[in-house]
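# Per-entry structural report
Single-letter residue listing:
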Amino acid sequence: MKLSPLLLAAAAALTVQSCKMKSTESAVGGDAAARTYVAPGKYDELYNFVSGGFSGQVAVYGLPSGRLLKVLPVFSVNPENGYGYSEETKPMLNTSHGFVPWDDQHHLALSQTNGEHDGRWLFANANNSPRVARIDLKAFKTMEIIELPNSGGNHSSPFLTENTEYVIAGTRFSVPVGNAESPLDNASYKKNFKSTASFIGIDKNSGHMNVAFQIILPGMDLDLSRAGKGPSHGWFFFSTYNTEQASTLLEVNASQKDKDFIVAVNWKKAEEYVKAGKAKKMATEYYHNTFNEENHTATSEIIKEVLTLDPEELKDLVYLIPCPKSPHGCDVDPSGEYIVGSGKLAALIPVFAFQKFVKAIEDKAFEGEYNGIPVIKYEAALHGEVQKPGLGPLHTEFDGKGNAYTSFFVSSEIVKWSIKDLKVLDRVPTYYSIGHLMVPGGDTKKPYGKYVVAYNKITKDRYLPTGPELAQSAQLYSIEGDKMQLLLDFPTIGEPHYAQAIPAEKIKDQSVKFFDIAKNKHPYVAAGEKATKVERKGNQVHVYMTAIRSHLTPDNIEGVQVGDEVYFHITNLEQDWDIPHGFAIKHAATAELLVMPGETSTLKFIPTQPGVYPFYCTDFCSALHQEMQGYMRVSPKGSNVPLKWHTGGTDSTAAVAAK
Ligand SMILES: [Cu+2]
């Protein structure tokens, strides 16, 4: 009898969970509290950037405390600070299919120099509407989002080369290139559907992204990936599943073959081919959205062309390494010599040796071709297999001391093993159903080590119940001794997938405290209260407003009419750390603004009824914050109430409406 792999997995997971619950307390070491306690007023040792999953955002925690420090808005609108609601940030979420206010954020990559985290930028993927974001780690702000053409399900993304030459993004869902329509059946899939590996070039100084080239691969699902480093620098490795090329019921149809592949791409070779003019220009359309630090405003650029490389023609560009049973994780050890594949349905972990892989190519040790791409013999590239490690291996991270840590979804555990002799050294349960795991710096040449964090899918019975929907969780384990030791649980926002962590020293001293008002080049800035005004341009009313403790200028506005487009351009005049001001007006169908010191931000409001509309500062800023309020009078359309504004006794300015 053939059982669905999913059913098997579910059955195993249930068994494991129910028998683990009793042993939870004994799993926590006696000194765990002391090792995770960060006293009030003290700083954490590490920043932990955790994917926000279906929240679309990125969360920042401190380690070892697990304290939530910030939610960074990236791919979803964020009413808490107006991201995606303010006129300045709306363009960040523009795509070739319009304004997209949500995404599913899975993986994160800290920028690297010489294979080590350098603390400059954090890259994040959007899985659903394929995009990659760059977050600046001085201001903790999303600075850039680039859309990916010819992609469907940007899952194998973003993964970095060791000097941040490229951010690489592979498609999980193959789609017909050029967004062409196609019948949905297996024959059409084989013929029309392609997976693509996008190489996004990163400017060394500015971090600016551009899609340098795409490699068009056969229809299959690129799942996860890692760059080579050290000896394997210049190569990039993707795991795949669905090399069966099924378009329906993948649960069964994509689990037919004993082995899928690790796709090895020689990106140095790809660069040579691009230089030699071997890339083909393909017409397409994708958005590139950039936030400008000088005028605090994002703009969208539409790009209409992409360079593509075809590995069927360019023979030494791509090779395939067979890898057992629907591999998920594809991880490269700190030395750059070993590549670990994790077959979701495999009962072993294959470890490939880069040297043997290179020799296999030289020796032409191929077992055949797959869609015109050479397939290397499994044994020819194999370093060895970790036998009986656990059930459902997903991801592997490294401690830089020769040990690997693999997460097992089905058996709900982390297993420590030795890269050299492939022996299992230790295992600890996770509560429950771990997906990704992360050792700080565990994907670099020099892991920081010390901890491994499990990011779990299921938390039933771990926290106070909150109805049908429960928090996801992270669990912190010490890896300092021979045995892993559970130290702490903490809930996370969204569903955590991958995460990155970096010593606080690499980031904290560069943190921006406020923006220099003298350098604010926003077209609607009011750099002081004297510069405040209200202007009418047809049916647009522009309010140049300032905020400083504890008043808004102007705080009385008259002469606005029903149907006017009112733009409140709020400049926060404060030049001090941690003094944002907020802005909201009654009945505006949008979120508040949260304006940082020295910044200008714009709320658009179209009143639909006459009346008096109070507005106020939404961020508790001073003892008289509650007094930081004002009124806008809205008159019927065509009314002859003149446009005027003031704050306190100094009547404006009694201004004339410029019509
Ligand atoms: Cu305020």
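By the naming in an unreviewed UniProt entry, the protein goes by Sec-dependent nitrous-oxide reductase and is assigned to Chitinophaga caseinilytica. As its UniProt record puts it under Subcellular location (unreviewed entry), the protein is described as follows: "Cell envelope".

When helices and strands are tallied, the protein shows 7 helices and 47 strands. Radius of gyration (C-alpha) of the protein: 27 Å, near the 26 Å computed for a compact globule of 659 residues. For the protein, buried positions account for 59% of its 659 residues. In the protein, of all internal contacts separated by at least 6 residues, the share reaching a separation of at least 24 is 63%. About 26,400 Å² of surface is accessible on the protein, with carbon and sulfur atoms providing 55% of the total. Positive and negative side-chain charges in the protein, numbering 65 and 74 respectively, have mean positions lying 2 Å apart.

So, about the confidence of the model for the protein. Across the protein, the average pLDDT comes to 93, with 94% of residues at 70 or higher. Below pLDDT 50 for its whole length, residues 653-659 participates in 7 contacts with residues either more than four positions away or in separate chains.

Turning our attention to the sheet that holds strand β32 (residues 451-456). One open sheet holds the 4 strands; their spatial order is β31-β32-β33-β34, and the pairing between them is antiparallel. Two strands close off the open sheet at either side, each with one partner strand: β31 (434-438) and β34 (485-492). On average, each strand axis in the sheet is inclined to that of its neighbour by 25°, with strand direction left out of account. Pairing of strand β33 (residues 472-478) with β34, which is carried by 7 bridges, proceeds in the antiparallel orientation. The partner of S478 across the bridge, within β34, is Q485.

Donor atoms from the polypeptide that bind the copper ion are H581 (ND1), C617 (SG), C621 (SG) and M628 (SD), placed at 2.1 to 2.7 Å. In this structure, the copper ion is coordinated by 4 donor atoms arranged in tetrahedral fashion, with angles at the metal of 96 to 132°. Counting the intervening residues between successive donors of the copper ion yields the motif H-x35-C-x3-C-x6-M. Pair noted here: H581 is in strand β41 (residues 581-585) and M628 is in the loop between β44 (611-616) and β45 (629-635), with a separation of 47 residues, a long-range link. There is no split in this pair, since H581 and M628 are both buried.

As a further point, take the pairing of strand β3 (residues 68-72). As paired elements, strand β2 (residues 58-63) and β3 share 4 bridges and run antiparallel to each other. Looking at the pairing, A59 lines up with V71 of β3. Following β2, the chain reverses through 4 residues before pairing antiparallel with β3; G66 in that reversal takes a positive phi of roughly 75°.

Once that is clear, we can look at the nonpolar core. Counting 29 residues, the largest nonpolar core has F199, I215, L217, F236, V263 and L309 as the members making the most contacts within it. In contact with F236, not counting residues within four places along its chain, are F159, I168, F199, S225, R226, A227, G228, V263, A264, V265 and W267.

A few words now on the side chain of Q500. One can find Q500 in strand β35 (residues 499-503). Owing to a relative accessible area of 1%, Q500 belongs among the buried residues under this scheme. Side-chain polar atoms of Q500 contact the side chain of Y498, separated by 3.2 Å. In this structure, Q500 is in contact with Y47, N48, F49, L108, A109, L110, H117, M438 and D443, ignoring residues within four places of it in sequence.

An α-helical turn contains 3.6 residues, so a residue and the one three or four places further along point in the same direction. Taken together, the buried positions of helix α6 (residues 354-362) are F354, F357, A360 and I361. Along α6, the residues classed as buried sweep out an arc of 120° about the axis, all on the same side. Residues of α6 that are exposed and angled more than 90 degrees away from the buried face: Q355 and E362. The first or second residue beyond α6 is K364, which carries a positive phi of 50°.

Here the focus is the sheet that holds strand β23 (residues 348-353). Pairing is antiparallel in the open sheet, where 4 strands are placed in the order β21-β22-β23-β26. Sheet topology places β21 (327-332) and β26 (382-387) at the edges, where each strand pairs with a single neighbour. Between one strand and the next, the sheet's axes are offset by a mean angle of 20°, whatever the strand orientation. When β21 meets strand β22 (residues 338-343), the two strands line up antiparallel, connected through 4 bridges. Looking at the pairing, P327 lines up with G343 of β22.

Each value, and the rule that gives it
Residues numbered from 1 in each chain as written. Predicted model: local features only at pLDDT ≥ 70, side-chain atom pairs only at ≥ 80, totals over all residues. Heavy atoms only, no water. UniProt positions renumbered as here; feature names shortened; annotations may be inferred. Helix = DSSP H or I, 4+ residues; strand = E, 2+ residues; numbered from the N terminus. Rg over C-alpha atoms; globule rule 2.2 N^0.38 Å. Buried < 20%, exposed > 50% of the residue type's maximum accessible area, 1.4 Å probe, protein only. Contact = heavy atoms within 4.5 Å. Areas by Shrake-Rupley, 256 points an atom, 1.4 Å probe, with all protein chains shown as cover. Lys, Arg positive; Asp, Glu negative; His and termini not counted. Charge placed at Lys NZ, Arg CZ, Asp CG, Glu CD. pLDDT = per-residue confidence, 0-100. Pairing = 2+ DSSP bridges. Axes fitted to C-alpha atoms, helices over the stretch in contact; angles between N-to-C directions. Donors = N, O, S within 2.8 Å, 3.2 Å for Na, K, Ca; no water. Tetrahedral: all angles 85-135°; square planar, octahedral: opposite > 155°, others 65-115°. Core = buried A, V, L, I, M, F, W, Y, C linked by side-chain atoms within 4.5 Å. Polar contact = N/O pair within 3.5 Å; in protein donor to acceptor, adjacent residues only side chain to side chain. Arc of directions from axis to C-beta.

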